[in-house]
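# Tertiary structure, described
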Amino acid sequence: MFAKLFGGDKDKEKKDESPAPPSMGDPKRSAALWSAAPGDPTTATIAMYKRERDAAAGTIIAVSANYTAYGIRGGLIRVIHRHSDAMGLLRGHSHNPQDLAFLAGTDVLASVAGDGNLFVWKLQRADSGEISPEEVFHATWEAKASGPPERLAFKPAAEPGLLVTVSHHGDDAAKLKLWDLRGSPALGPQDLDTGGSDNTCAVAFSGDGAKLATGDGRGGVAVGTLATAAAWAPSRFAAADGAAVSAVAFCGGAAGPLLLTAVGESAELKLWGLAPSPTPLQTLSLADGRPPASLPLLVQLHPPSSTLLLVSTAPGEASDIFAVDLGGEASAGFGAVSRFRSDLPILSFTADAAEGEDGGADVALFCVHNTTVQTHTLHAAQITRDPPPTPAGGG
């Protein structure tokens, strides 16, 4: 099973024996690091089902400490308790879910589906052991007939408070909306200024919830402190030349938070310093000599292990999984890259911590494939940890 999922056939192994390494560096200097991952990840199947669709722009699978949730046909969300056999379904969407997220550290789940609905549930178990979801918040609006996938992000907090969506209201293009989950859904959201951009496609909060970053379809990024909609006055800069920013994420740095931006069209990531103004520090390219158009990037940051996880999937083909060492808060930067291969295309994934047999910090990938939902555990010993290069002075 492991060889089939991650090794491929012998001809493919020979072809991939000496892959072109990712290139890495800042605008003034480039370098190349490559690490072949020793051994196979541990794979376990959560569910079997057939899904005919391309890689999801949003995250259609989400995990908390107690639950796994993923979108299935007909607007349904399957929920599985991670420590028992209990299963359930969340109903309400009329379209297939496009983005799911748990509020970090809780079992509160939010979802959007491009159907004019925002749902927030608190997942819990009844005395009988069955999953008994409580609807915390449900807002509706007139949805646009079609458009890019909607996105959402919780502002980190102990209890549900603020949530940001990239959603389609009426005839509007993708707009950035701020929802207060503590108020009445009838009050509706507040608009967040996007500086004239009408095609926001990526959104993320910093770990402390202080900053919000967005990326748009023309390569623009906005980042700033968010307390209220009226007070958000972000800095804006170009992260890519006309190409869509497919993901944004914050990571720690000795001098303050750093920002990661990903451009799927060119399979390229950039690391930015934010103080005193946005400055490019490093670039990591995963194109590997193949046409960029065949490399949509799925991105997840896993702060507990200081690892950036990337998946690139050629349409209908296998997926490459890259684990990039970020070096920790004291010396954050693109470090060593470990590469894994899944012979099943990965349509969406998320990451969670897993305790290794030797006490190491393993990383569990929860993946939606075209025929199954699986976990692939990358063991600590398989993720190379080299000191990241120090960016050249002046960025």
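Residues numbered from 1 in each chain as written. Predicted model: local features only at pLDDT ≥ 70, side-chain atom pairs only at ≥ 80, totals over all residues. Heavy atoms only, no water.

One broad trend across soluble globular proteins is that nonpolar side chains are buried collectively. Leu260, Leu269, Leu286, Leu308 and Phe334 are the most contacted members of the largest nonpolar core, which totals 21 residues. Contributing elements (two or more residues each) for this core: β21 (247-251), β22 (258-263), β23 (268-273), β24 (279-285), β26 (307-313) and β27 (319-325). (Core = buried A, V, L, I, M, F, W, Y, C linked by side-chain atoms within 4.5 Å. Buried < 20%, exposed > 50% of the residue type's maximum accessible area, 1.4 Å probe, protein only. Helix = DSSP H or I, 4+ residues; strand = E, 2+ residues; numbered from the N terminus.)

Bringing the pairing of strand β30 (residues 361-369) into the picture now. Counting buried residues in β30 gives eight out of nine residues, a clear majority hidden from the surface. Examined bridge by bridge, strand β29 (residues 346-355) and β30 share nine bridges and lie antiparallel to one another. Across the sheet, Ala354 pairs through a bridge with Asp362, a residue of β30. Where β30 folds back onto strand β31 (residues 372-378) in an antiparallel hairpin, the turn is made up of two residues. (Pairing = 2+ DSSP bridges.)

Across the sheet, four strands lie side by side as β9-β10-β11-β12; this open sheet has antiparallel pairing. Pairing within the sheet leaves two strands with one partner each, and these edge strands are β9 (99-102) and β12 (134-140). Neighbour-to-neighbour, the strand axes of this sheet turn through a mean angle of 15°, independent of strand direction. Judged from the four bridges that link them, β9 and strand β10 (residues 108-112) form a sheet pairing that is antiparallel. From the neighbouring strand, Leu100 faces β10, where its bridge partner is Ser111. (Axes fitted to C-alpha atoms, helices over the stretch in contact; angles between N-to-C directions.)

Quick look at the pattern of salt bridges now. If you walk through the whole model with that rule in mind, you get seven salt bridges. For Asp99, the salt bridge is made with Arg151, and the minimal N-O distance between the two is 3.2 Å. Remark: Arg151 occurs in strand β13 (residues 151-154) and Asp99 occurs in strand β9; sequence separation between them is 52 residues. Linking Arg341 and Asp320 is a salt bridge whose minimum nitrogen-to-oxygen distance equals 2.5 Å. With Arg341 in strand β28 (residues 337-342) and Asp320 in strand β27, the pair connects residues that are 21 residues apart, well separated along the chain. (Salt bridge = Lys/Arg side-chain N within 4 Å of Asp/Glu carboxyl O.)

Next up on the list: unusual backbone geometry. A cis amide bond links Ala275 with the next residue in sequence, Pro276, at an omega value of 0°. Counting through the fold element by element, Pro276 comes out in the loop between β23 and β24.

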